[in-house]
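These are the residues of each chain, in order.
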Amino acid sequence: MKLLARLSPRESEVGRLLARGLSNKEIARELSISDNTVHVHRQHVMEKTGTGSAAELARLILRADPNGLD
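Residues numbered from 1 in each chain as written. Predicted model: local features only at pLDDT ≥ 70, side-chain atom pairs only at ≥ 80, totals over all residues. Heavy atoms only, no water.

Overview of the overall build of the protein chain
Alright, step 1. A tally of helices and strands in the protein chain yields five helices and zero strands.
Alright, step 2. Ordering the α and β elements of the protein chain from the N terminus gives α-α-α-α-α.
Alright, step 3. For a compact globule of 70 residues, the expected C-alpha radius of gyration is about 11 Å, and the protein chain comes in at 11 Å, within 12% of that figure.
Alright, step 4. Counting only C-alpha atoms and orienting by the principal axes, one finds that the protein chain spans roughly 30 × 20 × 20 Å.
Alright, step 5. A fraction of 54% describes how many contacts in the protein chain between residues 6 or more apart in sequence connect residues 24 or more apart. (Helix = DSSP H or I, 4+ residues; strand = E, 2+ residues; numbered from the N terminus. Rg over C-alpha atoms; globule rule 2.2 N^0.38 Å. Contact = heavy atoms within 4.5 Å.)

If you want it as structure tokens, here you go:
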């Protein structure tokens, strides 16, 4: 899907983890980055995809690839 293709590789990682229900702190720990960096990436993901919530983002990812959250 074109919206997801606009994301950088790191934004895609953050977006997938966010869509799986992880908190910013959990994502930061998983990717070994700061909470603030996760917050910035999360904002970019939401802006670039036009989504307003993790649930919306999850639906978008799953529509593009049914195995996208595995």
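Details of unusual backbone geometry
Alright, step 1. We note that serine 32 has phi near 55 degrees; this positive angle belongs to a residue other than glycine.
Alright, step 2. The topology assignment puts serine 32 in the loop between helix H3 (24-31) and helix H4 (35-49).

A look at the pattern of salt bridges
Alright, step 1. Under the defined criterion, the tally for this structure stands at two salt bridges.
Alright, step 2. In this structure, glutamate 11 engages lysine 48 in a salt bridge whose closest nitrogen and oxygen atoms are separated by 2.9 Å. Here glutamate 11, found in helix H2 (residues 9-19), pairs with lysine 48, found in helix H4; they are 37 residues apart in sequence, far enough to count as distant.
Alright, step 3. Judged by its relative accessible area of 26%, lysine 48 is partly exposed. (Salt bridge = Lys/Arg side-chain N within 4 Å of Asp/Glu carboxyl O. Buried < 20%, exposed > 50% of the residue type's maximum accessible area, 1.4 Å probe, protein only.)

Overview of the nonpolar core
Alright, step 1. Counting residues in hydrophobic clusters, the biggest one holds 18 residues, and the most contacted among them are Ala19, Ile27, Leu31, Val38, Leu57 and Ile61.
Alright, step 2. When contributions to this core are tallied by element, the ones reaching two or more residues are H2, H3, H4 and helix H5 (54-64).
Alright, step 3. Look past the residues within four positions of leucine 31 in its chain and what remains in contact with it is Arg10, Glu13, Val14 and Leu17. (Core = buried A, V, L, I, M, F, W, Y, C linked by side-chain atoms within 4.5 Å.)

Considering H4
Alright, step 1. Between the first and last C-alpha of H4 there are 21 Å, a value that for 15 residues agrees with the 21 Å anticipated at 1.5 Å per step.
Alright, step 2. Those residues of H4 not exposed but buried are Val38, His41, Val45, Met46 and Thr49. For H4, the angular spread of buried residues about the axis comes to 135 degrees, placing them on one side. For H4, exposure combined with an orientation more than 90 degrees from the buried face picks out Asn36 and Glu47.
Alright, step 3. Positioned one or two residues after H4, glycine 50 has a phi angle of 70 degrees, which is positive. (Expected span 1.5 Å × (residues − 1). Arc of directions from axis to C-beta.)

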